[in-house]
Amino acid sequence: MKYNIINFLKKAFPFIAVIVLWRLSVAFWNPAGILAIIPIFYCSFVKPVPWFAPIAILFCFLIDYRFNTLCYWTVMYCLFYAINGFQSFFDITRIDNNALSIFMIFFGIATFILSMLHPNISNLMRAVWLFAWVSTLYIPITALIKKVCYDR
C-alpha cells in the first residue's frame, strides 16, 4: 500500500508542480504564475510525461488569462511543440543541464516578442528581469522534478 501511494505521487508530481507554481502567483517574483512554464517545458520536451500535453496547454492558457494576453503563451507552446515534433537535428532529451539552453531560447524569444508589443524602458527592463529570474530558477526546479520523479 505504501509503495502504491509513493509511486502515485512520483507520477503525479509534474502535474502538481505546474498547479502549485501557477497558483503561487506574485506580481514581482512570479507574475501570472509564469514559473509554471518551467515544468511545462521540462515535462513536455526534455523528459516527456505521458498525458502531459493537455495539462500543459490548459495551464499555458491559464497563464495567458492571468497575463491578459490572448492565447500568447498557448500559441508559443504549441508552436514549439510543433517545431520539436518536426525536427530531427536536435534531441532535446539528451542535452546537458536539462536543456537549459533550449529553454532559454524558447523563453527568451517569447519574452522578447511580448516586450516588443509595447516597447518602452519599463517593459524592456521587466522582460530582462523575468528572463533572468525564470532562467535562474530553471535548474533547481527541473532538478527537483528529476529527483522526485526519475530517481529510482
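Conventions and cut-offs
Residues numbered from 1 in each chain as written. Predicted model: local features only at pLDDT ≥ 70, side-chain atom pairs only at ≥ 80, totals over all residues. Heavy atoms only, no water. Helix = DSSP H or I, 4+ residues; strand = E, 2+ residues; numbered from the N terminus. Polar contact = N/O pair within 3.5 Å; in protein donor to acceptor, adjacent residues only side chain to side chain. Contact = heavy atoms within 4.5 Å. Patch = residues over 30% accessible without salt bridge, like charges linked within 9 Å, V, L, I, M, F, W, Y side chains within 5 Å. Areas by Shrake-Rupley, 256 points an atom, 1.4 Å probe, with all protein chains shown as cover. Salt bridge = Lys/Arg side-chain N within 4 Å of Asp/Glu carboxyl O. 1 Å grid on protein atoms, 1.4 Å probe; cavity = no way out; pocket = protein on both sides within 12 Å on 5 of 7 lines; lining within 4 Å. Points joined across faces, edges and corners; volume = space filled by probe spheres on them. Expected span 1.5 Å × (residues − 1). Buried < 20%, exposed > 50% of the residue type's maximum accessible area, 1.4 Å probe, protein only. Bend = angle between axes of the 7 residues up to and from the residue. Disulfide = S-S within 2.5 Å. Core = buried A, V, L, I, M, F, W, Y, C linked by side-chain atoms within 4.5 Å.

**As for the side chain of Ser115**
Move 1: Mapped onto the elements, Ser115 comes out in helix 5 (residues 100-115).
Move 2: Side-chain polar atoms of Ser115 contact the backbone oxygen of Phe112, separated by 2.9 Å.
Move 3: Sequence-distant contacts of Ser115, defined by excluding residues within four places in its chain, comprise Asn123, Leu124 and Ala127.

**Brief notes about a nonpolar patch on the surface**
Move 1: Together, Met1, Ile5, Phe8, Leu9, Ile16, Val20 and Leu24 make up a nonpolar patch on the protein surface, roughly 730 Å² of accessible area in all.
Move 2: Relative to the assigned elements, Val20 resides in helix 1 (residues 2-23).

**Topic: the layout of surface pockets**
The gaps of empty space that remain are located by a probe, the size of a water molecule, rolled over the atoms.
Move 1: Considering only enclosed or pocket space, the largest pocket measures out at about 450 Å³ in volume.
Move 2: Lining the largest pocket are 18 residues, with Phe67, Leu114, Ser115, Asn123 and Arg126 sitting closest to its centre.
Move 3: Of all the secondary structure elements, the ones that give two or more residues to the lining of the largest pocket are helix 5 and helix 6 (121-150).
Move 4: The element that contributes the greatest number of residues to the lining of the largest pocket is helix 6, accounting for five residues.

**Thoughts on the side chain of Thr111**
Move 1: Its place among the elements puts Thr111 in helix 5.
Move 2: Beyond its immediate stretch of four places on either side in the chain, Thr111 contacts Tyr72, Trp73 and Ala127.

**Focus: helix 4 (residues 72-86)**
Owing to its 3.6 residues per turn, the α-helix brings residues three or four apart onto one side.
Move 1: Between the first and last C-alpha of helix 4 there are 21 Å, a value that for 15 residues agrees with the 21 Å anticipated at 1.5 Å per step.
Move 2: Listed as buried for helix 4 are Tyr72, Trp73, Thr74, Met76, Tyr77 and Phe80.
Move 3: Buried residues along helix 4 sit against helix 2 (37-46), helix 3 (53-67) and helix 5.

**Focus: helix 1**
Move 1: When the local axis directions of helix 1 are compared, the greatest deviation, roughly 50 degrees, occurs at Phe13, which is followed within four positions by the proline Pro14.
Move 2: Of all the positions in helix 1, only Ala12, Phe13, Pro14, Ala17, Val18, Leu21 and Trp22 are classed as buried.
Move 3: Contacts made by the buried residues of helix 1 are with helix 2, helix 3 and helix 6.

**Details of the state of the cysteines**
Move 1: All told, the structure shown has zero disulfides when counted by the stated rule.
Move 2: Not part of a disulfide, Cys43 finds its nearest cysteine sulfur in Cys149, a span of 6.4 Å.
Move 3: Not engaged in a disulfide, the cysteine Cys71 finds its nearest cysteine sulfur in Cys78; these two sulfurs lie 9.2 Å apart.

**Some words on unusual backbone geometry**
Move 1: Positive phi, close to 60 degrees, is recorded for Cys71, a residue that is not glycine.
Move 2: Relative to the helices and strands, Cys71 resides in the loop between helix 3 and helix 4.
Move 3: Using a relative accessible area of 28% as the deciding quantity, one classes Cys71 as partly exposed.

**Here we look at the nonpolar core**
Move 1: Ile37, Phe41, Phe103, Phe107, Val134 and Tyr138 are the most contacted members of the largest nonpolar core, which totals 42 residues.
Move 2: Elements that contribute at least two residues to this core include exactly helix 1, helix 2, helix 3, helix 4, helix 5 and helix 6.
Move 3: If you tally residues by element for this core, the top one is helix 2, at eight residues.

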